[in-house]
Amino acid sequence: SLGSRKQLCVHAPVAKLGSAARINDGCQSLQRSSGAGCPLLHPRTAPAQQALRDTLLASPVMLEELAGLGKSLGCCPYYGARSASVGAHVLLVPYSCLLHEQTRDALGIRLESSVVLLDEAHNLLEALNDVHSVEIYASQLAAAYGQLGRYLERYRTLLSGPNRSSLCRLLRFVKALRDTHSPPSPSAIPPTTQPASPLPGCATNPTATPPVTPRTAPHKAPPASPYTLGSPSPKPAQKPHTTPHTARALRDASAPASPLLSAKPSAKPASVHASPVPAAKSAVSATAVEAGKMADDGTSVHSVNAFLAQLRIDNLNLWELLEFCNRTQLARKVQGFVDAADASEARDAGLAACEQRGGGAALASATYAVIRMLRALTSADGDGRVLVRRGGASADVKGASVKLLHLNPMVHLAPIVRSCRALLLCGGTMEPLEELLDALTDNGKHSARLRVRRFGHVVPAVNLAVLTVRAADEGDALLKLVAAQRGTDQTLDALGRAIGHCRRATPGGLIVFVPSFAYMHAAHTRWAQTGALAKELGACGARVFSEPREATELERVLAAYAAAVRAEPALDLLGDGGGAPRTAAEPSGGAACGGRATLLAVVGGKMSEGINFADELGRCVVMVGLPYPNLRDPELVERMAFLNARQAANAKARATLNSDGGGGGGGGLATAAQRYYEGLCMRAVNQSIGRVIRHAADYAAIVLLDARYEQPRVQSKLPAWIRQSLGARKSAAAAAVAMREFFHERSRGGDCLAR
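Scope of this entry: the structure provided in the associated data block. Fair warning: this is a prediction, and the values are worked out from it, not measured in the lab.

Assigned secondary structure in the protein chain consists of 31 helices and 14 strands. When each of the 755 residues of the protein chain is scored for burial, the buried share is 48%. Accessible surface, the protein chain as shown: approximately 34,400 Å² in total, 55% of it carbon and sulfur.

This is the structure:
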C-alpha cells in the first residue's frame, strides 16, 4: 500500500504541521538539514526498515495499518512502503495518488506495461475533476500576499534581479486574485476595460521559450540562481539596487488591480489559451461566461481567459511564474521565513507560534495554495471555469473564494489509458454507464478497444425483494417527492406512515435514505411534532438514530445502532432515540435478530458509501425519492454546459465525415447533460441501496419510495441484479404484506440460502 506523507508520517514534529504541502516540505527540509535529520530515517533504523519491507512484501497491509506498523518498529512507514514497492507485483494506492500526475511521479509509480485496476470506478470521472480542481479562499490570498511581501522586503537586496522581478510579478498575480473580493471605490474603476495585449509566449505550449516584452524582460544581469533564506543584509537601511524594469514591476504589484466585474467588458478578451471545446449554448452562454455570469447564490462564473483579462493579468506569463516557483522552491523558503519570523515575534510576546499566527494550517501554507491555483490557471480555456464566490450570509463558512473548476476529465485520463497495458474499471454499482463509456471512447471514436462485461450477483435472486411503492396507503395521493412538494406537511405525514409500514414488517435494522441533511432535519422535526417518530419509525420498540453531520460522531452512532439491533446491553449510548429504549429481544416473526432499530441516513453522506450493513444490520433499506442534485448549483450548470458543448462538437465532426449527414445528434435522444444529471442521481441511489446484501447468504428488502421509480427510464439505470428482483406495489401497506412473507421464507433457512 502506498500513501501520502500526510497519511503515513509518524514523526510528531512534522505530522502536526497539518496541511499536506507543509508536511511534504517539512519532511524534505528535515532530510536536507545539517543536523541529525529525521530520527525515523537514521542509519540505525536500517534493520527496522528492512523488517518493514519484508513484512509489506510478505502479505498485504492496509494503509491504515501501515502507519501503526512503522510506529511500532520505529521507522518511517512512508519511505518503507516506497522502498518495498520496487519489488512488489501489486500496489494498492488511493485514487488521488494514481490520478494526479505529480503525485504519481513523487511516489515513483510507473504505469508503463502495468495493469491498472480501479475499484468503485463509478466515481472515476468525478474523482478526476475533483483532484484537478483548485479552490483558494480570500483569507489565504490575503495571508499569501502578506507573506510574500514580507519576504520581498526582507531579502530584496539578496535576490538576483530576475528573481526579484519574478517575485514582484507573483505579488501582482496574488493581489489581483485577492482584490476580486474587494468592492472598488468609484475612483479605482478604470475608464476602460479593454484588456491589455497578451504576451506572445503566453500560449499553451509550456516547453517553448516564450518571447518577452520590455515589461517582463529581465535586465542584463548574471544568470539567475535560486535564492536562499540567508542572513539579513548587514545594511538594512541601504537602498536596494533597482533597475528601471524592477521598479516598473514593483509599481505593478502595488497598483490597484482591476476589480472583477467592476464594469461590463467592451470587447471580447484576447485568447491566451487554446480552446478545443466551443462554448456551451445551453445553461450558460459564451457571452455570459466571458462577461461573468452571476448565479443565484452570488457566485460569478468566468472562462479562464476572461477571468485573467478582467483582472488585467492576462499579460503575465503564468508558465514562467510557475517555473520560477518550482525552480526556486519558493513556497518552502517563504514558509521557512514566515515560521522563523512568527516564532521570533511569539518569543518576544510570550505566545505560542500558532497563537501569534492566528490563522491555522490553512493560512500558514497559503503560498502553496497560490502555486496550486497558478498551475490550475495554465489549463486550456475550454477545460475549466473560474467561479468567484463572494463572502456573505449565503457563502460558505470558509468565506469568499476563487475556484478553478476542472471540467474535462479526459485530459488526465487519456495519458493513463495510453500508458498502461490494460485498464480495468470495476464496481458493484457501475450503472448507469453512458457517461463513462463516452469518456473512455472519446464519444465512440475508440470503441473497438473497449470491452464491457457484466456479471451476476453472488446472492441468488430469491434472497432479494425490491419493491417500488407509489403511495403510503390505498387511496392516498401518489408520492412524487419532487423538491417543490416533498417538504409539505401532508407529504411528510404520508412519508412517515409509509416508513411505519416498512418498519413493522422488517426485523432487525431498517435504513432510510433521504435526499439531504436539511430534508432529514425537516422530516425529523415534523415527525417529532406529530408523534410519528415514535409511532411509525419507532414501531415495535425500535430505536431511531440519525446520521451525524460531524465525521467524529459517525462511529459512535453506528455502534449505538448496532447495539440496538442486536439487543445488546447499554443501548442508551445516545439518549435521543425516537422509540422506547430496549434491553431485551422482541419477537419479530421468526427473525434471527433480537432487536430493532431505524437509521435515518443521507444520500451522498458518510453512510451511503463504504459502510457495511450486513445481515441483521440492514434487513431493509428505504430509498426516499430520487436525489437529483440542485440544478441551480453553478458547478453543476457549468459541467452540464461543457458536456453539451462537447457533444455538439463531436456531432458536427461526425456529420462532416458522413456523407449522409446523420452524424450523431440523434433526434429525441437525451443530451449529454441530461444523461450526466440523471446519472448523478441514479449512481447515488445505487450506492445507497448497495449497503445491504453483503455476502452470499445475506438477504434483504429494498423499498423504492416514489411513484417515479415505476418509469422504465429510471428502472433501466438500476443494476441488473436489482432489476431481476423488481416488483411493484400500489401502497406501502401492500408492500409490507409482501415483505412479511419474504422475511418469513428467508428466516426458515430454505435451500435458497445454501445455493
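With that settled, the discussion passes to the sheet that holds strand 9 (residues 508-514). Taken in spatial order, the 7 strands of this open sheet run 10-11-9-12-13-8-14, and their pairing is parallel. The two strands at the open ends of the sheet, each matched to only one other strand, are strand 10 (543-546) and strand 14 (726-729). Shown here is a sheet whose adjacent strand axes are inclined to one another by a mean of 20 degrees, direction ignored. The pairing of strand 12 (residues 620-624) with strand 13 (residues 700-705) spans 5 bridges and is classified as parallel.

Moving on, we come to the pattern of salt bridges. Inspection of every chain in the model, using the stated rule, returns 21 salt bridges. The salt bridge partner of Glu 153 is Arg 156, with a shortest N-O separation of 3.6 Å. Assessed through its relative accessible area of 53%, Glu 153 is described here as exposed. Across the pair Arg 385 and Glu 638 runs a salt bridge, and its minimum N-O distance is 3.4 Å. Remark: Glu 638 occurs in helix 26 (residues 634-657) and Arg 385 occurs in strand 5 (residues 384-389); sequence separation between them is 253 residues. With relative accessibility at 11%, the residue Arg 385 sits in the buried group. Glu 638 sits in the buried class, given a relative accessible area of 3%. Here the residues in one salt-bridge network are Glu 135, Arg 389, Lys 403 and Glu 635, joined through shared partners.

A separate point is the side chain of Glu 536. Mapped onto the elements, Glu 536 comes out in helix 24 (residues 532-537). Taking relative accessible area as the criterion, Glu 536 reaches 10% and is therefore assigned buried. A polar side-chain atom of Glu 536 sits 3.0 Å from a polar atom in the side chain of Arg 504. Contacts of Glu 536, omitting those with residues within four sequence positions, involve Gly 496, Arg 497, Gly 500, Arg 503 and Arg 504.

The next point concerns the packing of aromatic side chains. As enumerated under the stated definition, the model contains 10 aromatic pairs in all. Arranged with centres 5.0 Å apart and planes meeting at 85 degrees, the rings of Tyr 78 and Tyr 79 form a pair that is edge-to-face. Judged by its relative accessible area of 4%, Tyr 78 is buried. Between Tyr 151 and Phe 337 the ring centres are 5.6 Å apart and the planes differ by 75 degrees, which places this aromatic pair in the edge-to-face class. Of this pair, Tyr 151 sits in helix 10 (residues 138-155) while Phe 337 is found in helix 16 (residues 330-349), placing the two residues 186 residues apart along the sequence. Judged on exposure class, the residue Tyr 151 and its partner Phe 337 are both buried. One aromatic cluster in this structure is built from Tyr 151, Tyr 155 and Phe 337. The positively charged end of Arg 619 is found above the aromatic ring belonging to Tyr 699, 3.8 Å away from the centroid.

Attention now goes to helix 23 (residues 517-530). Helix length check: helix 23, at 14 residues, gives a terminal C-alpha distance of 20 Å against a target of 20 Å (1.5 Å per residue), a fit within 8%. Phe 517, Tyr 519, Met 520, Ala 523, Arg 526 and Trp 527 are the residues of helix 23 that are buried. Turning to helix 23, the residues buried within the fold contact helix 22 (489-505), strand 9, helix 24, strand 10, strand 11 (596-602) and strand 12. Gly 531, located one to two residues past helix 23, shows a positive phi value of around 85 degrees.

Okay, the nonpolar core next. Formed by 48 residues in total, the largest nonpolar core has its most connected members in Leu 167, Leu 170, Phe 173 and Leu 377. In this structure, Leu 481, Leu 492, Met 520 and Leu 537 belong to the second largest nonpolar core, which totals 41 residues.

For the pair helix 10 and helix 19 (residues 366-376), the least separation of the axes is 8 Å and the interaxial angle reads 105 degrees. By the angle between their axes, helix 10 is roughly perpendicular relative to helix 19. Each of Gln 140, Leu 141, Ala 143, Ala 144, Gln 147 and Leu 148 in helix 10 lies in contact with helix 19, whose residues at this interface are Ala 366, Thr 367, Ala 369 and Val 370. Along the lines of polarity and charge, the residues of the contact of helix 10 with helix 19 split into 7 nonpolar, 3 polar and no charged.

Scoring rules and cut-offs
- Residues numbered from 1 in each chain as written.
- Predicted model: local features only at pLDDT ≥ 70, side-chain atom pairs only at ≥ 80, totals over all residues.
- Heavy atoms only, no water.
- Helix = DSSP H or I, 4+ residues; strand = E, 2+ residues; numbered from the N terminus.
- Buried < 20%, exposed > 50% of the residue type's maximum accessible area, 1.4 Å probe, protein only.
- Areas by Shrake-Rupley, 256 points an atom, 1.4 Å probe, with all protein chains shown as cover.
- Pairing = 2+ DSSP bridges.
- Axes fitted to C-alpha atoms, helices over the stretch in contact; angles between N-to-C directions.
- Salt bridge = Lys/Arg side-chain N within 4 Å of Asp/Glu carboxyl O.
- Polar contact = N/O pair within 3.5 Å; in protein donor to acceptor, adjacent residues only side chain to side chain.
- Contact = heavy atoms within 4.5 Å.
- Phe/Tyr/Trp six-rings, centres within 6.5 Å; stacked < 30°, edge-to-face > 60°.
- Lys NZ or Arg CZ within 6 Å of the ring centre and 35° of its normal.
- Expected span 1.5 Å × (residues − 1).
- Core = buried A, V, L, I, M, F, W, Y, C linked by side-chain atoms within 4.5 Å.
- Parallel < 35°, antiparallel > 145°, perpendicular 65-115°, else oblique.
- Nonpolar A, V, L, I, M, F, W, Y, C, P; charged D, E, K, R; others polar.

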